[in-house]
Amino acid sequence: MRRAHTVEQVRAAEGELLARLPEGALMQRAAAGLAHAVIDLLDGAYGRRVVLLIGPGDNGGDALWAGAMLARRGAAVEAWLVADRAHEAGLTALRAAGGRVAEPHPDHGADLALDGIVGIGGRPGLRDGAVAALRHLDGVPVVAVDIPSGVDVDTGELDGPHVEAALTVTFGTHKVAHLVDPASAACGVVHLVDLGLALPEPAVEALQPADVRGLLPRPASDAHKYTRGVVGVRAGSAHYPGAARLAVAGASCGLAGMVRFVGDAADGVRADHPEVVGEGRVQAWVVGPGGGDAAGEALAAALADGVALVVDADALAHVDAPFGVPAVLTPHAGELAAMTGADRADVEARPLHHARAAADHYGAVVLLKGRHTLVADPAGPVRATTTGVPWLATAGAGDVLAGVIGALLASGLSPYDAASAGSWLHGAAATLASGGGPLTAGDVARALPETVRRVLDPGMEESPA
Ligand SMILES: NC(=O)C1=CN([C@@H]2O[C@H](COP(=O)(O)OP(=O)(O)OC[C@H]3O[C@@H](n4cnc5c(N)ncnc54)[C@H](O)[C@@H]3O)[C@@H](O)[C@H]2O)[C@@H](O)CC1
Ligand SMILES: Nc1ncnc2c1ncn2[C@@H]1O[C@H](COP(=O)(O)OP(=O)(O)O)[C@@H](O)[C@H]1O
Ligand SMILES: [K+]
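The shown structure was predicted, so the numbers you read here are calculated from the model rather than taken from an experiment.

This part takes up the packing of helix H8 (residues 241–251) against helix H16 (residues 441–456). Close contact between H8 and H16 brings their axes to 8 Å; oriented N to C, the two are set at 20°. Between H8 and H16, the interaxial angle falls into the category roughly parallel. Considering only the axes of H8 and H16, their crossing is left-handed. Here Leu246, Ala249 and Gly250 of H8 lie close against H16, whose contacting residues are Ala441, Gly442, Ala445 and Leu448. Tallied by class, the residues present in the contact of H8 with H16 amount to five nonpolar, two polar and no charged.

In the neighbourhood of ligand 1, 22 residues make up the surrounding shell, with Glu14, Asp58, Asp62, Gly119 and Asp146 lying closest. Within the contact set of ligand 1, an oxygen atom lies 2.9 Å away from a backbone nitrogen or oxygen of Ile120. Isolated, ligand 1 exposes 870 Å² of accessible area, and the fraction of that covered by the protein chains is 85%. Every element with two or more residues in the shell around ligand 1 is listed here: helix H1 (7–20), helix H2 (25–42) and helix H3 (58–72). In terms of residue class, the shell around ligand 1 is made up of eight nonpolar, six polar and eight charged.

The next thing to look at is the pairing of strand E16 (residues 365–368). Judged by which residues are buried, E16 turns out to be covered on both faces: Val365 and Leu367 on one side and Val366 and Leu368 on the other are all buried. With two bridges connecting them, strand E15 (residues 327–329) and E16 associate as parallel partners. Residue pairing across strands places Leu329 opposite Val366, the latter belonging to E16. In sequence, E16 turns back onto strand E17 (residues 374–376) through a hairpin of five residues.

What follows is about the coordination of the potassium ion (ligand 3). The coordination sphere of the potassium ion (ligand 3), as far as protein atoms go, consists of Asn59 (OD1), Asp115 (O), Val118 (O), Val145 (O), Ile147 (O) and Ser149 (OG), spread over 2.7 to 2.9 Å. Around the potassium ion (ligand 3) sit six donor atoms; with metal-centred angles ranging over 65 to 166°, the donor geometry is irregular. When the donor residues of the potassium ion (ligand 3) are listed from N- to C-terminus, their spacing reads N-x55-D-x2-V-x26-V-x1-I-x1-S. Of this pair, Asn59 sits in helix H3 while Val145 sits in strand E6 (residues 142–145); the two residues are 86 residues apart in sequence, bridging distant segments of the chain. You can call Val145 buried: its relative accessible area is 0%.

This paragraph deals with the UniProt feature "binding site: AMP" (unreviewed entry) in the chain. Residues annotated by UniProt as "binding site: AMP" (unreviewed entry) correspond here to Lys369, Gly370, Arg371, His372, Thr373 and Gly398. The greatest C-alpha distance among the residues just named is 13.8 Å, despite their covering 30 residues of sequence, which places them together in space. Its location among the elements puts Lys369 in the loop between E16 and E17. Contact partners of Lys369, with chain neighbours within four places excluded, come to Asp312, Thr330, Pro331, His332, Ala333, Gly398 and Leu401.

Turning to the sheet that holds strand E1 (residues 2–5), a few remarks are in order. Note: strands within a sheet are paired through backbone hydrogen bonds, in either parallel or antiparallel orientation. Reading across the sheet, the 11 strands line up as E8-E1-E10-E18-E17-E16-E15-E14-E13-E11-E12 and stay open at both edges, with mixed pairing between neighbours. Both edges of this open sheet fall to strand E8 (174–175) and strand E12 (258–262), since each of them pairs with a single strand only.

Glancing now at H16. In this model H16 runs 23 Å from its N-terminal to its C-terminal C-alpha over 16 residues, within 8% of the 22 Å that 1.5 Å per residue would give. Leu448 marks the point of greatest bend in H16, at about 40°, and the proline Pro449 comes within the next four residues. By the burial criterion, the buried members of H16 are Ala441, Gly442, Val444, Ala445, Ala447, Leu448, Thr451, Val452 and Val455. Where H16 is buried, its residues meet helix H7 (209–215), H8, helix H14 (397–410) and helix H15 (415–434).

Here Val193 shows up in strand E9 (residues 189–193). Residue Val193 is classed as buried on the basis of its relative accessible area of 9%. Through-space distance from the C-alpha of Val193 to that of Ile39 is 14 Å; in sequence the pair is 154 residues apart. Residues contacting Val193, with those up to four places away along its chain left out, are Arg29, Gly33, Leu34, Val169, Thr170, Phe171 and Gly172.

Calculation notes
- Residues numbered from 1 in each chain as written.
- Chains lettered and ligands numbered in written order.
- Predicted model: local features only at pLDDT ≥ 70, side-chain atom pairs only at ≥ 80, totals over all residues.
- Heavy atoms only, no water.
- Axes fitted to C-alpha atoms, helices over the stretch in contact; angles between N-to-C directions.
- Helix = DSSP H or I, 4+ residues; strand = E, 2+ residues; numbered from the N terminus.
- Parallel < 35°, antiparallel > 145°, perpendicular 65-115°, else oblique.
- Left-handed = near helix turned anticlockwise from the far one by under 90°.
- Contact = heavy atoms within 4.5 Å.
- Nonpolar A, V, L, I, M, F, W, Y, C, P; charged D, E, K, R; others polar.
- Near = heavy atom within 4 Å.
- Polar contact = N/O pair within 3.5 Å; in protein donor to acceptor, adjacent residues only side chain to side chain.
- Areas by Shrake-Rupley, 256 points an atom, 1.4 Å probe, with all protein chains shown as cover.
- Buried < 20%, exposed > 50% of the residue type's maximum accessible area, 1.4 Å probe, protein only.
- Pairing = 2+ DSSP bridges.
- Donors = N, O, S within 2.8 Å, 3.2 Å for Na, K, Ca; no water.
- Tetrahedral: all angles 85-135°; square planar, octahedral: opposite > 155°, others 65-115°.
- UniProt positions renumbered as here; feature names shortened; annotations may be inferred.
- Expected span 1.5 Å × (residues − 1).
- Bend = angle between axes of the 7 residues up to and from the residue.

Here it is as structure tokens:
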């Protein structure tokens, strides 16, 4: 599991460790990890040119100590001080290693810049001096120290200018902004340097392949189709028959024992999936994709069964609070805005806030779709999905997702696990189907069984951020 903690949690854990270790030891650990990550990225230090952007606090201290290590290995290191003070011991170490302090200027020839402007002590936005210095670094890859300066660390929100990093090297644990958009999109690849912190339950977490492997249902040796769970799909309409076919394609990923379908598009569904059967008992319903005007009736019929639900698309407009049934609600930003009366742009700017608020309001799991989809449960950490590719932003992809989550619900997973594992699989299937190029929603559904096969193979490594 990739775990992300709040600044307060990190400060408390660091405080305990600081009390036990010699002064400066934690910063040395952080700086050494940072310097190694930079050397990896530059494929060496000797002869490379590195600019350090140095703010007033310990974040600048990390950058200065790492700069000293790079200078000792033959890099030409220049520190630009963008605040009215800088970490004294770090400055002394940089100078002793042959690095120098300079005013920001355009003729630096830098191969890389280290952003040590602010870390977890920073407020959102950047001061003018930092913005002016960054202008000289246009086109130079930036490695953010702990966090891209300027983002809101605990919410992932943006308010004013911020650094856009190619790589973020963070310390001790991930921070919320590394996983939650829009800030996480400014982090680039995130690399964690272990500091040995003892940490409580995280605020946000992201499933990794081993976590998904642990959650996925596997048929018992004496399984039959009913013990594996039956998922029902109530979707599609005369106007949107395709949505029904895509939701059924997602539900047919193989993780449930049987798929039922109720709706106008039954002929098309059976042409695609001859094994799909009609109305009957299910362990979970998927309601809403392409449902049009009939979505309210479909939701009422599904609710009457008293089983777990995935409520998507047109059915979301008919959801009452509190919802009262184990459920996953799967809105995108526009749908969540329509449900709660919020502004769509505000949902996109503050997805963590809105996903949490909606989960509390409805008393249900809310899956807010986006680049990093969020799964909020009224209790427990929010889960962020870090699998997927931008090609997944394609019509019908959400219908497939609803089907996959329904299959996992039917197999016995909780709404929280079904939503987060389903979203992870959906993103991973998109990456597999894309292979770097475009895809259709149907391609994502067809890639699901192979994605499941690969994740069940314990050789699969942790995915990059
Ligand atoms: N506490 C520890 O034990 C460790 C801390 N480490 C580093 O220390 C960092 C935290 O250091 P600090 O607590 O000194 O805080 P920062 O280095 O994040 O700096 C915060 C200071 O910057 C100023 N400031 C706030 N917002 C600003 C803005 N938008 N623009 C310009 N200036 C702003 C304020 O005066 C504030 O005191 C971490 O992010 C990490 O890089 C690491 O060395 C690991 C160990
Ligand atoms: N930039 C992006 N990168 C990766 N995935 C994305 C991005 N934008 C959207 N997605 C994903 O694409 C899917 C789109 O679903 P949705 O908006 O419901 O489309 P539709 O209603 O057409 O099915 C969601 O799973 C969402 O998380
Ligand atoms: K920083």
